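Now for the letters of each chain:
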Amino acid sequence: MTPPRSAHRPNAVVGVLALAGIVAALMQTLVVPLIGELPVLLHTSASNASWAVTATLLAGAVTTPASGRLGDLYGKRRTLLACCVPLVVGSVLCALADSLMPMIIGRGLQGMGMGIVALGISALRDLMPPERLGSSIALISSSLGIGGALGLPFAAAVAEHADWRVLFWVSAGLGALVGVLIWFLIPATPTPAKGRFDAVGALGLGTGLVCLLLGVSKGADWGWSSAPTLGLLIAAPVVFAVWAWWELRSPAPLVDLRVATRPQVLVTNAASIVVAFSMYAAALIVPQLLQLPSETGYGLGQSMQATGLWMAPSGLMMMLVSPLGAKLSAARTPKTTLAVGSLVIALGYGSSMVLMGSTWGLLIVTCICNTGVALTYGAMPALIMSGVPQSETASANSFNTLMRSVGTSVAAAVVGIMLTQMTVQMGGRALPSESGFRTGMLLGCGVALAAAAIALAIPLRRTARSEDADTASAQLPLPAGKPVDGGQ
């Protein structure tokens, strides 16, 4: 294996990849302030308009593993540039949309840009000097939370004070800017992986993910006992079983399941699902608490824009904390950081039992929770990359990102069911009750504690196998003649 080389301008590399991650994450919260208005804007029903959110989720989940494998095969720089194209095209299509279908297609294309985050993290192993690698991984990992937190107040402000189409023109401009910066400032990377792209494996994994995530995300709307929901949830494990059979027999699989089932990688991915669940519960509950009418006795009566502003500091907290997580991982291990971060998330949820009665209290809760998220999200890629060969870093990181998407999707379904079952009547409509919110917070606390227990069970590898010797001897210069993607 060829060890990674250092970037000529490490600060520029980290800055560009962090910005790219923030812009990709921004796509997730871009339409949240418009959800109530989309049925009128697009001349459709509220149920159909929700596809503007679902399409982004599905497209991101389905294409992220594929983009990771393409990065290993053809170069991460090339694939990063390729991810920018659908993001920009999708944004332009949404900006021009005046009906539902163009909006859904555009939002799906925007979701295809989510592979940028995992690719950026993987590229760091090739480009950064060893003393900068841990802190750089932590910062790029936290860009998901930063983009999501900052996207809400930005989108709310634009939606309130300008034409809604401006949101998508701005996102198109940001996507184009990221592409230009990657072209000029991100060096080419080695392409150590061999073989061809596994199109059958990509189709199989994508089909299974659509069945699983669509069933989970739409189950509440369609009914959990309805034929479409049950059919999708039954089909998902069947498709995954056939996909796994194919992957184990493929000479160049999309996801090397033999590597993915190594104890360190397998348990880290399991922890990632649980951590993502615990993280997302607060993201679903806190905005509702802030916006519910104060007449309920527990709602805080904030506008969408004010809600975004109250939540924005938690995203900035992730940026501030991520270097501390890298130092903890260097002093101890990423396993320790993952466990500590999960405990901090649990602490944040626990504090909500006495702090959820005020805006300032919820600000403290979200800042504590996102402090833990920053620690965990920086540790997970480090654990994954130290457990796989360098030829599979992008693919393995993308699969880990997918596991987090599964966790957030399950959280959305479970918390959604909980809040719809525990309601109070007010003004002729059912609203989530205070006990429902408290139960949701306690659920998040319990799941975060479970994540800490799983993290402590991660078996770190004590000796490097021959195929992973590149992990330990990582910092020699790239030999002359080694193929790189796209040249300089």
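Here the structure is shown first, and the text comes after it.
What counts and what doesn't
Residues numbered from 1 in each chain as written. Predicted model: local features only at pLDDT ≥ 70, side-chain atom pairs only at ≥ 80, totals over all residues. Heavy atoms only, no water. Helix = DSSP H or I, 4+ residues; strand = E, 2+ residues; numbered from the N terminus. Expected span 1.5 Å × (residues − 1). Buried < 20%, exposed > 50% of the residue type's maximum accessible area, 1.4 Å probe, protein only. Polar contact = N/O pair within 3.5 Å; in protein donor to acceptor, adjacent residues only side chain to side chain. Contact = heavy atoms within 4.5 Å. Patch = residues over 30% accessible without salt bridge, like charges linked within 9 Å, V, L, I, M, F, W, Y side chains within 5 Å. Areas by Shrake-Rupley, 256 points an atom, 1.4 Å probe, with all protein chains shown as cover. Salt bridge = Lys/Arg side-chain N within 4 Å of Asp/Glu carboxyl O. Axes fitted to C-alpha atoms, helices over the stretch in contact; angles between N-to-C directions. Parallel < 35°, antiparallel > 145°, perpendicular 65-115°, else oblique. Left-handed = near helix turned anticlockwise from the far one by under 90°. Nonpolar A, V, L, I, M, F, W, Y, C, P; charged D, E, K, R; others polar. Pairing = 2+ DSSP bridges. Phe/Tyr/Trp six-rings, centres within 6.5 Å; stacked < 30°, edge-to-face > 60°. Lys NZ or Arg CZ within 6 Å of the ring centre and 35° of its normal. 1 Å grid on protein atoms, 1.4 Å probe; cavity = no way out; pocket = protein on both sides within 12 Å on 5 of 7 lines; lining within 4 Å. Points joined across faces, edges and corners; volume = space filled by probe spheres on them. Disulfide = S-S within 2.5 Å. Bend = angle between axes of the 7 residues up to and from the residue.

Participant: Would you mind going over helix H16 (residues 359–385) with me for this structure?
Facilitator: Each α-helix turn comprises 3.6 residues. Residues three or four places apart therefore point the same way. Helix length check: H16, at 27 residues, gives a terminal C-alpha distance of 39 Å against a target of 39 Å (1.5 Å per residue), a fit within 8%. Of all 27 residues in H16, 23 are buried; the element is thus mostly enclosed.

Participant: What is the right way to read the side chain of Asn400 from this model?
Facilitator: Take Asn400: it is sitting in helix H17 (residues 393–421). Residue classification places Asn400 among the buried residues on the basis of a relative accessible area of 0%. Side chain to side chain, Asn400 and Asn269 meet in a polar contact 2.9 Å long. Not counting the four nearest positions on each side in its chain, Asn400 is found in contact with Thr268, Asn269, Ser272, Met380 and Ile384.

Participant: I'm lost on a nonpolar patch on the surface in this one. Help?
Facilitator: Side chains of Val180, Trp183 and Phe184 sit close together on the surface and give an oily, nonpolar patch of about 360 Å² of accessible area. Judged by relative accessible area, Val180 falls into the partly exposed class, the value being 44%.

Participant: Any chance you could explain the packing of helix H4 (residues 51–74) against helix H10 (residues 199–222) here in plain terms?
Facilitator: How two helices pack is summed up by the angle between their axes together with the distance between the axes. Look at H4 against H10: their axes get within 9 Å of each other, and the N-to-C directions meet at 155°. On the basis of their axis angle, the class for H4 and H10 is roughly antiparallel. Regarding H4 and H10, the two cross each other, and that crossing is right-handed. Taking contact as the criterion, the partners of Trp51, Thr54, Leu57, Leu58, Ala61, Val62 and Pro65 in H4 are, on H10, Leu205, Gly206, Leu209, Val210, Leu213, Leu214, Ser217, Lys218 and Trp222. Per-class residue counts for the contact of H4 with H10 are 12 nonpolar, 3 polar and 1 charged.

Participant: So what exactly am I meant to see when it comes to the pairing of strand E2 (residues 429–432) here?
Facilitator: Working note: regular strand, side chains alternate between the two faces of the sheet. Looking at chain direction, strand E1 (residues 423–426) and E2 are connected through 4 bridges and run antiparallel. For Thr423, the partnering residue across the bridge sits in E2 and is Pro432. Hairpin geometry of E1 and E2 is characterised by an intervening segment of 2 residues between the two adjacent antiparallel strands and by a positive phi of about 60° at Gly427.

Participant: Before we go on, may I ask you to explain the environment of Ile140 in this structure?
Facilitator: Along the chain, the position of Ile140 falls in helix H8 (residues 130–161). What makes Ile140 buried here is its relative accessible area of 0%. For Ile140 and Leu17, which are 123 residues apart along the polypeptide, the C-alpha to C-alpha distance reads 6.7 Å. Residues contacting Ile140, with those up to four places away along its chain left out, are Val14, Leu17, Ala18, Val117, Gly120, Ile121 and Leu124.

Participant: How do you make sense of the packing of aromatic side chains when you look at a structure like this?
Facilitator: Within this structure, the stated rule accounts for 3 aromatic pairs. With 6.1 Å between their ring centres and 85° between their planes, Trp164 and Phe168 make a pair best called edge-to-face. Among the residues examined, Phe168 registers a relative accessible area of 0% and is labelled buried. When the ring centre of Trp183 is taken as reference, the NZ or CZ atom of Arg77 above it lies at 5.1 Å. Seen from the ring of Tyr377, Arg404 lies directly overhead, with NZ or CZ sitting 4.6 Å from the centre.

Participant: Which parts of the structure should I look at to understand empty space enclosed by the protein?
Facilitator: One pass over the full model with this rule turns up 1 cavity of 30 Å³ or more. If you go around the largest cavity, the residues you meet are Val255, Asp256, Val259, Ala260, Val265, Asn269, Val388, Glu392, Ser395, Ala396 and Phe399. Those elements that provide at least two residues to the lining of the largest cavity are helix H12 (257–260), helix H13 (263–291) and H17. Partitioning the lining of the largest cavity into residue classes produces 7 nonpolar, 2 polar and 2 charged.

Participant: What's the story with the pattern of salt bridges in this structure? I'm lost.
Facilitator: As a working rule, side chains carrying opposite charge can pair if their charged atoms are close by. Counting across every chain of the model gives 3 salt bridges. Here Asp221 makes a salt bridge to Lys218, at a shortest N to O gap of 3.8 Å. On the criterion of helical spacing, the pair formed by Asp221 and Lys218 is a turn pair, its members being 3 residues apart in helix H10. You can call Lys218 buried: its relative accessible area is 2%. Residues Glu434 and Arg438 are paired through a salt bridge, measuring 3.3 Å at the closest nitrogen-oxygen approach. Placement of the pair is Glu434 and Arg438 together in helix H18 (residues 434–456), with a separation of 4 residues, close to one helical turn.

Participant: Sorry, what's going on with the state of the cysteines here?
Facilitator: Any covalent bond linking the sulfur atoms of two cysteines counts as a disulfide. The final tally for this structure, using the stated rule, is 0 disulfides. Lacking any disulfide linkage, Cys83 is separated from the closest cysteine sulfur, that of Cys84, by 7.1 Å. Of the residues examined, Cys83 reaches a relative accessible area of 6% and is grouped as buried.

Participant: Is there a simple way to explain H10 in this structure?
Facilitator: For H10, the principal kink sits at Val216 and spans about 40°. One or two residues past the end of H10 sits Gly223, with phi positive at roughly 100°.

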